[in-house]
Amino acid sequence: MAKSLLIISRQAPWSGPNAREALDIVLAGGAFDLPIGLLFLDDGVFQLAAKQDAKALQQKDLSANLQALPMFGVEELFVCGESAAARGLDPKGLSLEEARVLAAQEITALIDRYDQVITL
């Protein structure tokens, strides 16, 4: 059986390539039916903010990749509620409605569920 993998995305979509790379890893894992999860933590929650204008920053829009996650079989999606609130984002109003909002104390238990963890 394949080992489970949790990707923790901690970077804002405009701060460099890490946000895109995290999504690419998750989509590839989903395409190969790996048990994979994705956690948006710290500035990574900005990836889920609605109405972003990626063109203004001369970057590619990540929203299509985010919306494709369920189509690739990626259903284990999580967002840190405290990270969202600290950045002025309503956890209930984020663009990825499928993501389960976790309290900070739940994140340790989430990480323990996975065999391997990659943080970007």
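Quantities reported herein were computed from a predicted structural model and do not represent experimental measurements.

A. Structural detail: the overall build of the protein chain. Scanning the protein chain from N- to C-terminus turns up 4 helices and 5 strands. The N-to-C order of helical and strand elements in the protein chain reads β-α-β-α-β-α-β-α-β. Computed over its C-alpha atoms, the radius of gyration of the protein chain comes to 13 Å, within 12% of the 14 Å expected for a compact globule of 120 residues. Seen through its C-alpha atoms, the protein chain measures out along the principal axes to roughly 45 × 30 × 20 Å. Split into buried and exposed, the 120 residues of the protein chain put 42% on the buried side. Intrachain contacts of the protein chain at a sequence separation of at least 6 include 74% that bridge at least 24 residues. For the protein chain, the accessible area works out to roughly 6700 Å², and carbon and sulfur atoms hold 52% of it. Of the charged side chains in the protein chain, 10 are positive and 16 negative, and the gap between their average positions amounts to 3 Å.

B. Representation of the pairing of strand β3 (residues 76-80). Summarising burial for β3: 4 of the 5 residues are buried, a large majority. Sheet topology places strand β2 (residues 36-40) next to β3; 4 bridges connect them, and they run parallel. Looking at the pairing, Gly37 lines up with Glu76 of β3. Sheet topology note: the β3/strand β4 (residues 100-102) ladder contains 3 bridges and is parallel. By the bridge assignment for β4, Cys80 is matched with Leu102. After leaving β3, the chain enters helix α3 (residues 81-86) and then returns to the sheet as β4, a path that is right-handed.

C. Expanded view of the nonpolar core. Leu38, Phe40 and Leu69 are the most contacted members of the largest nonpolar core, which totals 28 residues. The dominant element in this core, judged by the number of residues it contributes, is helix α1 (residues 18-31), at 5 residues. In contact with Leu69, other than residues within four places in its own chain, are Leu23, Val26, Leu27, Leu38, Val74, Leu77 and Leu96.

D. The environment of Pro13, seen in detail. Along the chain, the position of Pro13 falls in the loop between β1 (5-9) and α1. Residue Pro13 is classed as buried on the basis of its relative accessible area of 13%. Along the primary structure Pro13 and Gly44 are separated by 31 residues, whereas in three dimensions their C-alpha atoms are 7.3 Å apart.

E. Broad picture of the packing of aromatic side chains. Applying the stated criterion to the full structure yields 1 aromatic pair. Plain terms: the ring middles of Trp14 and Phe46 are 5.4 Å apart, the flat faces sit at 45 degrees to each other, and that makes the pair tilted. Of this pair, Trp14 sits in the loop between β1 and α1 while Phe46 sits in the loop between β2 and α2 (63-68), and the two are 32 residues apart along the sequence. With a relative accessible area of 39%, Trp14 lands in the partly exposed category.

Conventions adopted
Residues numbered from 1 in each chain as written. Predicted model: local features only at pLDDT ≥ 70, side-chain atom pairs only at ≥ 80, totals over all residues. Heavy atoms only, no water. Helix = DSSP H or I, 4+ residues; strand = E, 2+ residues; numbered from the N terminus. Rg over C-alpha atoms; globule rule 2.2 N^0.38 Å. Buried < 20%, exposed > 50% of the residue type's maximum accessible area, 1.4 Å probe, protein only. Contact = heavy atoms within 4.5 Å. Areas by Shrake-Rupley, 256 points an atom, 1.4 Å probe, with all protein chains shown as cover. Lys, Arg positive; Asp, Glu negative; His and termini not counted. Charge placed at Lys NZ, Arg CZ, Asp CG, Glu CD. Pairing = 2+ DSSP bridges. Right-handed = clockwise from strand over helix to strand, strands pointing away. Core = buried A, V, L, I, M, F, W, Y, C linked by side-chain atoms within 4.5 Å. Phe/Tyr/Trp six-rings, centres within 6.5 Å; stacked < 30°, edge-to-face > 60°.

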